[in-house]
Amino acid sequence: MQGQGVVFVTGDRLGDQLSGLLEAEGCQVIRGPQPNPPALTMFPEEDWPQLFGETDVMVISPRDVCPREVMEAAPRLRGVVSAVIGVDTIDMDAANALGLIVGHGAMPENYLGVSESAVMLIAALCLDLHGKETMLRTNAPRPPQLRARMVRGKTMGLIGMGRTARGVVDRLAGWDVSLQACDPYVPQAEAPAGVTMVGLETLLRTSDVVSVHVTLTPETHHLLGETELRMMRSDAYLVNTARGGAVDEEALYRILRDKVIAGAAIDVFEHEPLSPDSPLRTLDNVILTPHIVGHSQELMAAIPPTAAENVLRLLRGEPPLYVKNPEALEAWRQRLAQLQ
């Protein structure tokens, strides 16, 4: 291995600062092609020998598609790193099968930033921040009846009970709310104090606010379709800061348009960026943000050094700081032994 090793680094702006950090550690950096958003970056097969032939670690962005064939094109590959928390464009089944560890950016600045933003959106929906701001901007008179309701005393329903959802639970302490959650992998005994684990239908029918906190898998794709959304109460709100594909976007539009539920706050979409002609943009009962609601200066500062540390650990034969697929660790160690 030359120096610290050869690292393929995504061509987008996330890779600019990361490249400098890795080169300062003695790594040879190969940069990927410049992205052309909103299209995803597909690596042409004729470029694989140049990009991946000597690569020890790949750093992939959310705009880079990393299928099995790309990983197989790197015979020296020790692991793959996502600079951000999401790994949607990395074939995780293939990584497991090939004995490759995937490191990602699951630092507290990331998932707790989403936790904070989810609580912010819950309060904004309940207290009708969007409507009150519009009232001022348009010089509209005060309505005879307010839509706003206090958060206090309401029932919050969290779909998923991972790090982000647990951060929401912590941050809602002291708000005097009831907390219930749905997660088939978390029994009541492992739930945070004060959280009641229930089935999805019960959660949808009884929550004042439903907040989505799941990763996108075949199991969670369109977890909330028209049938599920119609289970929600007419005065309830939906918050999605997780993954757009977890909610059927076309069904959600109809539900909001027809006022089946009171409103929603959506930061993630099935196709990003959200199309300029998306019908969601025409609605007055939805808060829309461009998959950035939980991002902060602290997060942007943490991404490059965290990704660099994940890469350097892989080059040293150590697991990354944050491992997305710990179930592959044993196969990964066997792969490393064969690469020696």
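This one's a predicted model, so the numbers in the text were calculated from it and none came from an experiment. (Residues numbered from 1 in each chain as written. Predicted model: local features only at pLDDT ≥ 70, side-chain atom pairs only at ≥ 80, totals over all residues. Heavy atoms only, no water.)

Chemist: Could you give an account of empty space enclosed by the protein, naming the residues involved and the relevant values?
Modeler: Applying the stated criterion to the full structure yields 1 cavity of 30 Å³ or more. Counted as a void, the largest cavity has a volume near 30 Å³. Lining the largest cavity are Asn240, Gly244, Val247, Glu249, Leu252, Ile266, Val268 and Phe269. Looking at side-chain class alone, the lining of the largest cavity contains 5 nonpolar, 2 polar and 1 charged residues. (1 Å grid on protein atoms, 1.4 Å probe; cavity = no way out; pocket = protein on both sides within 12 Å on 5 of 7 lines; lining within 4 Å. Points joined across faces, edges and corners; volume = space filled by probe spheres on them. Nonpolar A, V, L, I, M, F, W, Y, C, P; charged D, E, K, R; others polar.)

Chemist: Tell me about the UniProt feature "domain: D-isomer specific 2-hydroxyacid dehydrogenase catalytic" (unreviewed entry) in the protein, and name the residues and values.
Modeler: Per the UniProt record, "domain: D-isomer specific 2-hydroxyacid dehydrogenase catalytic" (unreviewed entry) is annotated on residues 45-322. Along residues 45-322 one finds 33% helix and 14% strand; the C-alpha atoms at either end are 30 Å apart. (UniProt positions renumbered as here; feature names shortened; annotations may be inferred. Helix = DSSP H or I, 4+ residues; strand = E, 2+ residues; numbered from the N terminus.)

Chemist: Talk me through the layout of surface pockets; I want residue IDs and the actual numbers.
Modeler: Gaps left between atoms show up when a probe the size of a water molecule is rolled over them. The calculated volume of the second largest pocket comes to roughly 270 Å³. Arg147, Tyr237, Ala262, Gly263 and Asn285 are the residues nearest the centre of the second largest pocket, which is lined by 18 residues in total. Only α5 (108-126), α6 (129-137) and β12 (286-288) provide two or more residues apiece to the lining of the second largest pocket. Residues of the lining of the second largest pocket, tallied by class, amount to 7 nonpolar, 5 polar and 6 charged.

Chemist: Before we move on, can you summarise helix α11 (residues 297-315) with the specific residues and values?
Modeler: End to end, α11 covers 29 Å across 19 residues, agreeing with the expected 27 Å (1.5 Å per residue, within 8%). Maximal helix bending in α11 amounts to about 30°, located at Ile303; proline Pro304 follows within four positions. The set of residues buried in α11 consists of Leu299, Ala302, Ile303, Pro304, Thr306, Ala307, Ala308, Asn310, Val311, Leu312, Leu314 and Leu315. Immediately beyond the C-terminal end of α11, within one or two residues, lies Gly317, with a positive phi of roughly 85°. (Expected span 1.5 Å × (residues − 1). Bend = angle between axes of the 7 residues up to and from the residue. Buried < 20%, exposed > 50% of the residue type's maximum accessible area, 1.4 Å probe, protein only.)

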